[in-house]
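# Overview (structure and organization)
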Amino acid sequence: MDEENPFADPGQVNPFMDPSVMQVSAQSTTVVAGLDDPFGAPSEPATVSVAPVITQPSAQITQPAVAPVSSTGYGAGYGAPAPPTSSYGGAGYGSGAASFNSQPPKQYGNEETMHKQKLVENEFRKREEDLERRERQLRDEQKRLEEARVYGDRVPNFPPLPKFFPCTPCVYHNIDFDIAPEHQLNVKRVFYHWQFTVICYLLNFIVCFGMICALGTKAGSAFGLSLLYAGLFIPLSFLTWYRMLYNAVRLDSSMRYMLFFFMYGFQIFVSGIAALGFNSGGFAGWITAFKTMEDNKALGVLGILVSLAWCANCLIAVYLIMQIHKTYRTTGQSMEKASGEFAASAGSNRNVAQAVLRSL
């Protein structure tokens, strides 16, 4: 092809030689109808122009956004892509939400994974219970601090005596305030046991008083000793073993724990002797009860009841001392710590220190 002359006259350019026109005319097809001889003289031909396949914007607008799904899963339109299907067996994303939600996804996993998940859940549950327990302890501690503002001077309130009584309370007693929550149960049990011991001494005194009324001077020694036991051992039992345990738990003192074990063991021994009830020993035990029944059956029956009460008292004391000893071992108390506390308390006492220096 000759090179075009840029200086040529524009009017001499053939417009049919334009490339776009030639491309469209080349794609047109002429169809001759009713001619058997293609080399003969043509008559008036009927031509049908086939337009080239050009994507028109109007066709895209009139088409639906999502092609309908056929039974085979393909779109109805030519070239329409198949709708996406769900991996859980449901319809595609274009389907309704109800069909998708009607079949929730299944959870796949082996037994080991499920076991680990249960372990994690149990661990979370234990942590939650521990937090709740700590929260209760904090509330109790806050309550104790609030009560400390009111009872900071620790005004004596035990034993509870009426206002018109000439004597006043001797000690301050408040288990909920002085004792930690984890030790309150043991202290309350020992306090109830002390109250039961008081009842035993009073019943013993009543039976011995009945014996002297029914038998005369023959039961005089038993009556006198029972009166002495009731007047002496009731306050001593409170101070020597119950109050000792109360202060041992409140102050976390190993030395007081040791003193409590010694005095409580002595109380168990006294309860055993009282249950036996030797003659003229001041205790209406088994021996005294059976001998009194020969003279007075009513007093003998009361003596048997008192003997049963002393036996129960002894057994309860044995059980409680075992429970408190377990607590004593778990709280880190020991004989070495008790001896150290005793040495520190003795050294801080001037009288004891001066006596030791004089002995040297």
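The structure displayed is predicted, hence computed values, not measured ones. Per-chain numbering applies: the sequence of each chain, read as written, is numbered from 1 onward. The predicted origin of the model limits local features to residues at a pLDDT of at least 70 and limits the giving and counting of side-chain atom pairs to 80 or more, whereas totals for whole chains, interfaces and linings rest on all residues. Hydrogens and water molecules were not included; the side-chain quantities draw on all heavy atoms of the structure.

## Observations regarding the overall build of the chain
Defined as follows: Under the DSSP-based scheme used, a helix requires at least four consecutive residues in state H or I and a strand at least two consecutive residues in state E, with every element numbered from the N terminus. Note on classification: 1.4 Å probe, protein chains only; a residue is buried when its accessible area is under 20% of the maximum for its type, exposed when over 50%, partly exposed between these limits. Computed with a 1.4 Å probe, the accessible areas rest on the Shrake-Rupley method; for each residue, only the protein chains presented here act as cover.
Within the chain, the secondary structure is distributed over 12 helices and zero strands. Ordered by position from N to C terminus, the α and β elements of the chain give α-α-α-α-α-α-α-α-α-α-α-α. Evaluated residue by residue, the chain yields a buried proportion of 23% over its 360 residues. Surface exposure of the chain reaches about 26000 Å², of which carbon and sulfur atoms provide 62%.

## Let's talk about the packing of aromatic side chains
As a reminder, the rule being used: Two rings from Phe, Tyr or Trp (for Trp, the six-membered ring) form a pair when their centres are within 6.5 Å of each other. A pair whose planes differ by under 30 degrees is stacked, one over 60 is edge-to-face, and the rest are tilted.
Taken as a whole and assessed by the stated rule, the structure comprises 25 aromatic pairs. With a centroid separation of 6.2 Å and an interplanar angle of 50°, the aromatic rings of Tyr242 and Tyr246 are classed as tilted. Pair noted here: Tyr242 and Tyr246 are both in helix α7 (residues 220-251), with a separation of four residues, about one helical turn. Judged on exposure class, the residue Tyr242 and its partner Tyr246 are both buried.

## A closer look at the nonpolar core
We apply this condition: Only buried residues count toward a nonpolar core, which is a set of Ala, Val, Leu, Ile, Met, Phe, Trp, Tyr and Cys residues joined through side-chain atoms within 4.5 Å. Whether two residues touch is decided by their heavy atoms; if any such pair falls within 4.5 Å, the residues are in contact.
Of all hydrophobic cores here, the largest spans 45 residues; its most connected members are Trp194, Tyr242, Tyr257, Phe260 and Trp310. Those elements that place two or more of their residues in this core are α6 (184-215), α7, α8 (254-276) and α10 (297-330). Aside from chain neighbours lying at most four places away, what touches Trp310 is Cys200, Tyr201, Asn204, Ser271, Ala274, Ala275 and Phe283.

## Remarks on the packing of α6 against α7
Which entries qualify depends on this criterion: For every element, the axis is a line fit to its C-alpha atoms; helices are fit only across the contacting stretch, and the angle between N-to-C directions ranges from 0 to 180 degrees. Note that the term roughly parallel is reserved for angles under 35 degrees, roughly antiparallel for angles over 145, roughly perpendicular for angles of 65 to 115, and oblique for everything else. Ten residues, namely Ala, Val, Leu, Ile, Met, Phe, Trp, Tyr, Cys and Pro, are considered nonpolar, four, namely Asp, Glu, Lys and Arg, are considered charged, and the remaining ones, Gly among them, are considered polar.
Remark: α6 packs on α7, axes separated minimally by 8 Å, with the N-to-C direction vectors making an angle of 175°. Taken together, α6 and α7 sit at an angle that is classed as roughly antiparallel. Looking at the contact of α6 with α7, its residues break down into 24 nonpolar, six polar and no charged.

## A word on α7
The condition is simple: Under the convention used throughout, the expected extent of a helix is 1.5 Å for every residue step, that is, one less than its residue count. One axis is fitted to the seven residues ending at the residue and one to the seven starting there. The bend at that residue is the angle between these axes.
Taking 1.5 Å per residue, 32 residues should reach 46 Å; α7 reaches 45 Å between its end C-alpha atoms and fits that length. Taking the largest bend as the criterion, α7 deviates by roughly 35°, centred on Arg243. Asp252 sits one or two residues past α7 and shows a positive phi near 55°.

## Focus: unusual backbone geometry
The peptide bond linking Phe158 to Pro159 adopts the cis configuration, its omega dihedral lying at -5°. With respect to the element layout, Pro159 can be found in the loop between α4 (111-150) and α5 (175-178). A positive phi angle, near 55°, is found at Asp252, a position not held by glycine. Take Asp252: it is sitting in the loop between α7 and α8. Classification of Asp252 by relative accessible area gives partly exposed; the value is 39%.

## With respect to α8
Formally: Polar contacts, as used here, are pairs of N or O atoms within 3.5 Å; protein pairs need one atom able to donate a hydrogen and one able to accept it. Residues neighboring in sequence count only if both atoms are side-chain atoms.
Over its 23 residues, α8 runs 34 Å from end to end, which matches the ideal 33 Å to within 8%, given 1.5 Å per residue. By the burial criterion, the buried members of α8 are Ser254, Met255, Tyr257, Phe260, Phe261, Tyr264, Gln267, Ile268, Val270, Ser271, Ala274 and Ala275. The backbone nitrogen of Arg256 lies 3.3 Å from a side-chain oxygen of the residue at the head of α8, namely Ser253. Just downstream of α8 lies Gly277, where phi reads positive at about 70°.

## What to know about the pattern of salt bridges
Rule in force here: A side-chain nitrogen of Lys or Arg and a carboxyl oxygen of Asp or Glu constitute a salt bridge if their distance falls within 4 Å.
What the rule picks out here adds up to five salt bridges. We note a salt bridge from Glu123 to Arg127, for which the minimum N-O separation is 3.7 Å. A residue pair is termed a helical-turn pair when its members lie 3 or 4 positions apart in one helix, as Glu123 and Arg127 do in helix α4 at four residues. The shortest N-O distance in the salt bridge between Glu135 and Arg139 comes to 3.4 Å. Placement of the pair is Glu135 and Arg139 together in helix α4, with a separation of four residues, close to one helical turn. When salt bridges with common partners are traced through the structure, they connect Asp130, Arg133 and Arg134 into a single cluster.

## Focus on the side chain of His173
In this structure, His173 sits in the loop between α4 and α5. Accessibility expressed as a relative area gives 13% for His173, which makes it buried. Among the polar contacts listed, one links the side chain of His173 to the side chain of Tyr242, at a separation of 2.5 Å. What His173 contacts, discounting residues up to four positions off in sequence, is Asn157, Phe158, Phe191, Tyr242, Arg243 and Tyr246.

## Concerning a nonpolar patch on the surface
Quick note on the threshold: To count toward a patch, a residue needs a relative accessible area over 30% and no salt bridge; like charges are then connected within 9 Å, while nonpolar side chains (Val, Leu, Ile, Met, Phe, Trp, Tyr) are connected within 5 Å.
A surface patch of nonpolar side chains, amounting to about 350 Å² of accessible area, comprises Val301, Leu302, Leu305 and Leu308. Inspection of the secondary structure assignment puts Leu305 in helix α10.

## Focus: the environment of Tyr246
Judged by relative accessible area, which is 0%, Tyr246 ranks as buried. Taking the C-alpha atoms as reference points, Tyr246 and Arg256, 10 residues apart in sequence, are found 9.1 Å from one another. Not counting chain neighbours up to four residues away, the residues in contact with Tyr246 comprise Tyr172, His173, Asn174, Ile175, Asp178, Ile179 and Val187.

## A closer look at the environment of Leu203
You can see Leu203 is positioned in helix α6. Residues Leu203 and Ala230, 27 residues apart in the sequence, show an inter-C-alpha distance of 9.5 Å.

## Looking at the side chain of Thr292
Tracing the sequence through the fold places Thr292 in helix α9 (residues 286-295). Thr292 sits in the buried class, given a relative accessible area of 5%. Each residue touching Thr292, except ones within four places of it in the same chain, is listed here: Met211, Leu215, Leu299 and Gly300.

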